[in-house]
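# Structural overview for review
Spelled out from the first residue to the last, the chains are:
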Amino acid sequence: MRFLLFVLSLAVSSVALSVQPISGTIERDSTGVYLRSGDRCPRYVVNTKSEDASLSIRKLSSGDTVTASGLLDVETCTVVIESVDYVGLRKMLGYWYSQDGIITVRDFDSLSFYPINLKDFQNGADYRTADPINYRYSVTPSEGKEWVVFLSDTTSTTFATIQFNKGNATMKIYDSETGDVKKVLRMSKWGNLK
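A brief look at the structure comes next.

## A closer look at the pairing of strand β8 (residues 110–114)
Most of β8 is tucked away: four of the five residues are buried. Joining the antiparallel neighbours strand β7 (residues 101–105) and β8 is a turn of four residues. For β8 and strand β9 (residues 133–141), the ladder comprises four bridges, and the chain directions are antiparallel. Note that in β9 the partner of leucine 111 across the bridge is tyrosine 135.

## Some thoughts on the side chain of serine 112
Checked against the element boundaries, serine 112 lands in strand β8. Looking at serine 112, its side chain comes within polar contact range of the side chain of asparagine 134, at 2.6 Å.

## Section: the packing of aromatic side chains
All chains considered together, the criterion is met by three aromatic pairs. Ring centres of tyrosine 95 and tryptophan 190 lie 5.3 Å apart, and the angle between their planes is 65 degrees; on these two criteria the pair is classed as edge-to-face. Of this pair, tyrosine 95 sits in strand β6 (residues 94–98) while tryptophan 190 is found in strand β13 (residues 181–191), placing the two residues 95 residues apart along the sequence. Among the residues examined, tyrosine 95 registers a relative accessible area of 14% and is labelled buried. Under the relative-accessibility criterion, tryptophan 190 is labelled partly exposed at 40%. Ring geometry for tryptophan 96 and phenylalanine 164: centres 6.1 Å apart, planes at 50 degrees, overall tilted. Of this pair, tryptophan 96 sits in strand β6 while phenylalanine 164 sits in strand β11 (residues 157–165); the two residues are 68 residues apart in sequence, bridging distant segments of the chain. Phenylalanine 164 gets classed as buried once you look at its relative accessible area, which sits at 15%.

Parameters at a glance
Residues numbered from 1 in each chain as written. Predicted model: local features only at pLDDT ≥ 70, side-chain atom pairs only at ≥ 80, totals over all residues. Heavy atoms only, no water. Buried < 20%, exposed > 50% of the residue type's maximum accessible area, 1.4 Å probe, protein only. Helix = DSSP H or I, 4+ residues; strand = E, 2+ residues; numbered from the N terminus. Pairing = 2+ DSSP bridges. Polar contact = N/O pair within 3.5 Å; in protein donor to acceptor, adjacent residues only side chain to side chain. Phe/Tyr/Trp six-rings, centres within 6.5 Å; stacked < 30°, edge-to-face > 60°.

These values are about where atoms sit, not about what they do.
Right, dumping it as structure tokens:
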């Protein structure tokens, strides 16, 4: 009987510690990095299993969301992240302007591009009078300070990179077939979401 209980406990432990999809919100403080996932623990201490995962987690700020693969241990309230699949960046949310138009990013899934001349906008034209191009987007980690952004509208999907720098961002949009840069948007933050 004891042997059967031992085998069952091993089976349950191995199932509990198998790689699984993990998602939640990052929280940082002076003691470390944590993941809030609405699970049995109020927050999980974040550990990483690979250098890539470590670099990706290091780039995230409090309030960013993460979707990853890893091991969740509810007994010790720790999570070991093996790889980061997608992220939601809080600093991306808000209203941005560039020479080519206004971009509104309301959540971690969708954004709208309003093609309005910047001078017209600065002279009081309402950006909402322009027909927006609505995109679904997802962000994945990349090397260095850039993030990879996949943009999908009703007709196609393209990819871009974005790099943030104190209220400004540079987005490079690439040709999906050749990999050449099609457009560079230099964006400035106009405001946060209300």
